[in-house]
Amino acid sequence: MTENGSTPTQSEATTRLSAEGVAIWLDDLSRERITTGNLADLVATRDVVGVTTNPTIFASALSQGQSYDEQLTEIAAQGTDLDDAVWEITTRDVRDACDVLRPVYDRSGGVDGRVSIEVDPRMAQDPDATGRLAERLWSTVDRPNLFIKIPATEKGLSAITAAIAQGISVNVTLIFSLERYSAVIDAYLTGLEQALEAGRDVSDLASVASFFVSRVDGSVDKQLEEIGSDEAKGLLGKVAIANARLAYEIHRETLASDRWKALEARGARPQRPLWASTGVKNPDYPDTLYVTELVAPGVVNTMPEKTLQAVADHGEISGDTITGTYDEARATLDTFARLGGDLAEVTRNLEEDGLQKFEASWDELLQTVRDGLSGASS
């Protein structure tokens, strides 16, 4: 059902997008979406085949409506501590969402139908703690179509490898730079190699690499506006797309490598690029910009519902918009550098800022649950 209670019809645009090889995921989740059938409707009419979550999404869901009241009352009566309360609430939603998406998982042979849940971001710089949390989340949710989200910090790379080696499917998040993306690919392949060395069947292991888009333009465009020349203004809204397109080139080069072919021959699945942060921040840009300009086979695009519905309503899907654009993309980044821009600094700052935002979101979630428990016990 839509927000106004009407039943949506099938979107031709999202169907075309899916036909081009783009897996459409919803960057949102709430218990109400699950219980009202809204999530199932989006699967049926908007070609949604996956879900991503984060602490901000959970905090927002908890602050709206009464869907969590019964569980909050039960948890408050049990005297459960705050961290465990958050754990119980979020893993229940993700488990139920996994069940809603399970037919998609089965139908796609395990490629899609995935639901992602994030490790506590306060552990992002502690790979051992991250690994323990990943294992606990994996066993608690106990669904084959789960992804554990692990931030792609430099220290987090070893946690990604360890999780894959142990048979845990991973959504690697918070990737901004091409250099870090290459390191993430290596971490995944190393994990697969370790899993195979340990005698593990890797055919059911999967991973996506969440490459953030709009946040890059948010930072770069400020620099371009400060430069102020016509050439600089001509790059507005283009650097993030160029950056993502070159990430896809790296992905395709990986699939052509001997290292990957050896793993593929033993049943390994490719790690797909996932376009994250695809909601447009600048109102002057088309609201479907980070969808229609990043179409190619074998990618995922996770969208907030506002972006998803914009694509469904007026998205113009004109085929593959990435393959063959690599030289143009390199020229865009070269021009940005020539004008004085420093993309490495931009992406480094975005990673640091992203980690801080993740932690702030976690604190927000803790406070929201704390308030909910207080209200339930009063």
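As named in an unreviewed UniProt entry, the chain is Transaldolase, taken from Sanguibacter biliveldensis. Under the heading Function (unreviewed entry), UniProt records this for the chain: "Transaldolase is important for the balance of metabolites in the pentose-phosphate pathway." UniProt lists a comment for the chain under the heading Catalytic activity (unreviewed entry), and it reads "D-sedoheptulose 7-phosphate + D-glyceraldehyde 3-phosphate = D-erythrose 4-phosphate + beta-D-fructose 6-phosphate".

1. Topic: the packing of aromatic side chains
Applying the stated criterion across every chain, the model contains four aromatic pairs. Plain terms: the ring middles of tryptophan 25 and phenylalanine 147 are 6.1 Å apart, the flat faces sit at 35 degrees to each other, and that makes the pair tilted. Taken as a pair, tryptophan 25 in strand E1 (residues 22-26) and phenylalanine 147 in strand E4 (residues 146-151) lie far apart in primary sequence, 122 residues in all. Both residues of the pair, tryptophan 25 and phenylalanine 147, belong to the buried class. For the ring pair phenylalanine 211 and tryptophan 275, a centre distance of 6.3 Å and an interplane angle of 85 degrees mean the geometry is edge-to-face. Residue phenylalanine 211 is found in strand E6 (residues 207-212), and its partner tryptophan 275 is found in strand E7 (residues 272-276); the two are separated by 64 residues along the sequence. The exposure class of tryptophan 275 is buried, given its relative accessible area of 0%. Through pairs of rings, three or more aromatic residues link up here, namely Tyr181, Phe211 and Trp275. Lying over the aromatic face of phenylalanine 147, arginine 114 brings its terminal NZ or CZ to 4.9 Å of the ring centre.

2. Quick word on the packing of helix H6 (residues 82-107) against helix H17 (residues 343-377)
Contact pair H6 / H17: the axes reach a minimum separation of 10 Å and the direction vectors enclose 95 degrees. Relative to H17, H6 is oriented roughly perpendicular. Along the contact surface, H6 presents Leu82, Asp83, Ala85, Val86, Ile89 and Thr90, while H17 presents Trp362, Leu365, Leu366, Val369, Arg370 and Leu373. Of the residues in the contact of H6 with H17, the class split is nine nonpolar, one polar and two charged.

3. What about the nonpolar core?
Membership of the largest hydrophobic core comes to 121 residues, with the highest contact counts inside it found for Leu17, Val94, Ile148, Ile150, Leu192, Trp275 and Val369. Setting aside its immediate chain neighbours within four residues, isoleucine 150 contacts Val119, Thr130, Ala134, Gly156, Ala159, Ile160, Ala163, Val170, Asn171, Val172 and Thr173.

4. Observations regarding the UniProt feature "active site" (unreviewed entry) in the chain
UniProt tags Lys149 as "active site" (unreviewed entry). Summarising the element assignment, lysine 149 is placed in strand E4. Every residue in contact with lysine 149, bar those within four places of it in the chain, is listed here: Thr53, Asn54, Ser116, Ile117, Glu118, Val119, Asn171 and Thr173. In terms of polar contacts, lysine 149 uses its side chain to reach the backbone carbonyl oxygen of threonine 53, at 2.9 Å.

5. Let's talk about the pattern of salt bridges
Side chains that differ in charge, positive against negative, can pair when their charged atoms come close. Under the defined criterion, the tally for this structure stands at 19 salt bridges. Where arginine 33 meets glutamate 305, a salt bridge forms, and the shortest distance between an N and an O atom there is 2.7 Å. Note that arginine 33 is positioned in helix H2 (residues 31-35) and glutamate 305 in helix H15 (residues 305-314), a separation of 272 residues in sequence. Like arginine 33, the residue glutamate 305 is buried in the burial classification. Between arginine 330 and aspartate 327 there is a salt bridge whose closest N-O contact spans 3.1 Å. Of the two residues, arginine 330 and aspartate 327 are both situated in helix H16 (residues 326-338); the distance of three residues between them amounts to about one turn of the helix. Linked by salt bridges that have partners in common, Asp28, Arg33 and Glu305 make up one network.

6. Description of the pairing of strand E3 (residues 114-118)
The buried fraction of E3 is high, at five of five residues. In E3, alternate side chains face the same way, and those of Arg114, Ser116 and Glu118 on one face and Val115 and Ile117 on the other are all buried. The sheet contact formed by strand E2 (residues 48-51) and E3 spans two bridges and is parallel. Bridge pairing in E3 places valine 51 opposite valine 115. With four bridges joining them, E3 and E4 adopt parallel strand pairing. In the strand pairing of E4, serine 116 is matched with phenylalanine 147.

7. As for helix H4 (residues 55-63)
If you check which residues of H4 are buried, you get Pro55, Ile57, Phe58, Ala59, Ala61 and Leu62. Buried residues along H4 sit in contact with H6, E3 and H17. Measuring from the side-chain oxygen of the N-cap residue of H4 to the backbone nitrogen of threonine 56 gives 3.0 Å; that N-cap residue is asparagine 54.

Cut-offs and rules
Residues numbered from 1 in each chain as written. Predicted model: local features only at pLDDT ≥ 70, side-chain atom pairs only at ≥ 80, totals over all residues. Heavy atoms only, no water. UniProt positions renumbered as here; feature names shortened; annotations may be inferred. Phe/Tyr/Trp six-rings, centres within 6.5 Å; stacked < 30°, edge-to-face > 60°. Helix = DSSP H or I, 4+ residues; strand = E, 2+ residues; numbered from the N terminus. Buried < 20%, exposed > 50% of the residue type's maximum accessible area, 1.4 Å probe, protein only. Lys NZ or Arg CZ within 6 Å of the ring centre and 35° of its normal. Axes fitted to C-alpha atoms, helices over the stretch in contact; angles between N-to-C directions. Parallel < 35°, antiparallel > 145°, perpendicular 65-115°, else oblique. Contact = heavy atoms within 4.5 Å. Nonpolar A, V, L, I, M, F, W, Y, C, P; charged D, E, K, R; others polar. Core = buried A, V, L, I, M, F, W, Y, C linked by side-chain atoms within 4.5 Å. Polar contact = N/O pair within 3.5 Å; in protein donor to acceptor, adjacent residues only side chain to side chain. Salt bridge = Lys/Arg side-chain N within 4 Å of Asp/Glu carboxyl O. Pairing = 2+ DSSP bridges.

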